[in-house]
Amino acid sequence: MLSLAIACVVTVMVLQFQSFIEPFVVLLAAPLSFVGAMLLLLLTGTPLNVSSFMGLILLVGLIVKNGIILLDFTRHRMRTEGVPLDRALVEAGGVRLRPILMTTLCTLFGLLPLSLGLGAGSEMQRPLALAVIGGLTLSTPITLFLVPTLLVAIRGRDYRLPRNFTA
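Given the structure is predicted, the values throughout are model-derived calculations rather than measurements.

Take the overall build of the protein next. Each helix and strand in the protein was counted, giving six helices and zero strands. Relative to the globule expectation of 15 Å for 167 residues, the C-alpha radius of gyration of the protein, 17 Å, shows essentially globular dimensions. Seen along its three principal axes, the alpha-carbon backbone of the protein occupies a region of about 55 × 30 × 25 Å. The 167 residues of the protein split such that 44% are buried. Across the protein, contacts joining residues at least 24 apart in sequence account for 77% of those joining residues at least 6 apart. When the 12 positive and 7 negative side-chain charges of the protein are each reduced to one mean point, those points stand 3 Å apart.

Before going further, it helps to examine the pattern of salt bridges. In a structure, side chains of opposite charge can pair up when their charged atoms sit close to one another. One pass over the structure, following the stated rule, counts six salt bridges. Residue Arg 77 is joined to Glu 81 by a salt bridge in which the shortest nitrogen-to-oxygen separation is 3.8 Å. Taken together, the positions of Arg 77 and Glu 81, both in helix α4 (residues 50–81) and four residues apart, correspond to about one turn of that helix. Here Glu 81 falls in the partly exposed class, since its relative accessible area comes to 39%.

Position of Ser 52 relative to the elements: it lies in helix α4. Aside from chain neighbours lying at most four places away, what touches Ser 52 is Leu 41, Pro 47, Pro 127, Leu 128 and Ala 131.

Definitions and limits used
- Residues numbered from 1 in each chain as written.
- Predicted model: local features only at pLDDT ≥ 70, side-chain atom pairs only at ≥ 80, totals over all residues.
- Heavy atoms only, no water.
- Helix = DSSP H or I, 4+ residues; strand = E, 2+ residues; numbered from the N terminus.
- Rg over C-alpha atoms; globule rule 2.2 N^0.38 Å.
- Buried < 20%, exposed > 50% of the residue type's maximum accessible area, 1.4 Å probe, protein only.
- Contact = heavy atoms within 4.5 Å.
- Lys, Arg positive; Asp, Glu negative; His and termini not counted.
- Charge placed at Lys NZ, Arg CZ, Asp CG, Glu CD.
- Salt bridge = Lys/Arg side-chain N within 4 Å of Asp/Glu carboxyl O.

In structure tokens form, the structure reads like this:
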């Protein structure tokens with residue numbers, strides 16, 4: 001099921017970016033964020049079960065959302081202003097930091113009561129919440145720092161898109 005979710009996500013990103021490089025770089029953050037999810041599950045003594053596995057699938061979508069927020073603005077700056085990749089990434093990081101943090105923190109705080117086992121039936125979904133919280137906590141800095149670094153390492157800092165490139 002996780003592989004199907006990843007395949008669907010890759011397809012959408014390839015269509016959006018018209019390239020395999022950006023989806024590849026964004027999805028490299030997923031296994032690293034799974035480490036954060038597994039670590040929190042281990043620290044809390046919560047077993048890996050169907051609910052926590054659903055959290056990992058949800059985590060893939062959240063990681064991709066953060067990557068798209070950052071890289072879409074990067075491509076927009078490169079397309080409209082003709083700026084090189086490194087400058088566009090720095091500008092995108094500054095402009096898109098707040099939306100990324102807002103959506104991430106809303107998700108984390110929204111899942112906090114579930115992860116603490118508060119409320120009726122929350123014990124059943126606790127592993128999902130813990131997996132998402134652990135993974136998002138690690139994936140957010142990865143998305144903000146490692147994804148741009150890898151993209152520059154692969155594409156080169158002077159990489160440019162043609163102006164008014166339709167993608």
